Every structure is written in C-alpha cells, then in structure tokens.
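# Architecture and fold: a report
Each chain, written out:
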Amino acid sequence: MADTESYESALDSLPGSHPYPRTSRYHDAEIGVHRRADGTEVRYTKRRLLPPLGAETEAHTVGAGERADLLAQRYLGDPGQWWRIADANPLLDPRELTDEAGRVIGIPLAGGFPRGERRV
C-alpha cells in the first residue's frame, strides 16, 4: 500500500495555498499585495516579526566546531529549524551563534515559541 500524505502536507503542496511550507520561518508572515500602475498585482512577504526574547529556552554552551544546523538537529530534530535558535538569541548575525566556543546561547523548547506578542 502506498504511503499517504498528511492533510497539512497536501495543502502545502497546492499552488497558492501557502507561499511557504509550515517549517519555514516565513510561514506565518503576512503576505501583502502591491498593485502596479498598470493594474497587475505583485505578492510579497511582509516583514517577519521575531518572537519576544525571554520565551522559554534551554541554555547551551557552544563547543568548538558546532553549527546552528547541527544544534537544531540535536535539540529540535530538524537541521532546517536553525532559524528558531537564531530567533531566540539577541544577535544580528546568526553566524555569531556558534563562532565562539564557550558562548551560552538559548535553544527554544521543541514545541517552539508561543503565539502572541512578537518583537520587532
């Protein structure tokens, strides 16, 4: 018997249903529509607001050679979720997360950030 695809996964694969998959950092971002002078519409992703700092995290001391994607695999089960770790830490450049051994960073709990207020 063939494997069945989940309802959510099937919706994500429909053109126009969601511009970004559920695992994307942009999935919950608002989509805007710009109307050109000739009347054509251009869809764009509006600014993504970050979750509030102080959301529940687990402390992790960075070891030599660690990378955010490897930490995401270890703690969140998906290396593509490295951006959740970046969002949980007040750094401008996500490469700073692991560039210095001994730095303590926050790792969001596997359930993710709670919905609600977000920071700019």
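Heads up: the structure comes first, above all this text.
Reference entry: report on the structure contained in this document. (Residues numbered from 1 in each chain as written. Predicted model: local features only at pLDDT ≥ 70, side-chain atom pairs only at ≥ 80, totals over all residues. Heavy atoms only, no water.)

### Here we look at the pairing of strand E2 (residues 41-45)
In the sheet, strand E1 (residues 31-35) pairs with E2 via five bridges, with the strands oriented antiparallel. By the bridge assignment, Arg-35 is partnered in E2 with Glu-41. A loop of five residues connects E1 with E2, the two strands running antiparallel in sequence, and Gly-39 in this loop sits at a positive phi of about 95°. (Pairing = 2+ DSSP bridges. Helix = DSSP H or I, 4+ residues; strand = E, 2+ residues; numbered from the N terminus.)

### Quick word on the environment of Arg-103
For Arg-103, the location among the structural elements is in the loop between helix H3 (82-87) and strand E4 (104-108). Note: C-alpha distance between Arg-103 and His-60 (43 residues apart in sequence) is 8.2 Å.

### Re helix H2 (residues 68-76)
Three or more residues of H2 are buried, namely Ala-68, Leu-71, Ala-72 and Leu-76. Taken down its axis, H2 places every buried residue within 105° of arc, on the same side. The secondary structure elements touched by the buried residues of H2 are strand E3 (57-61), H3 and E4. Remark: Gly-77 follows H2 within two positions and exhibits a positive phi of approximately 80°. (Buried < 20%, exposed > 50% of the residue type's maximum accessible area, 1.4 Å probe, protein only. Arc of directions from axis to C-beta. Contact = heavy atoms within 4.5 Å.)

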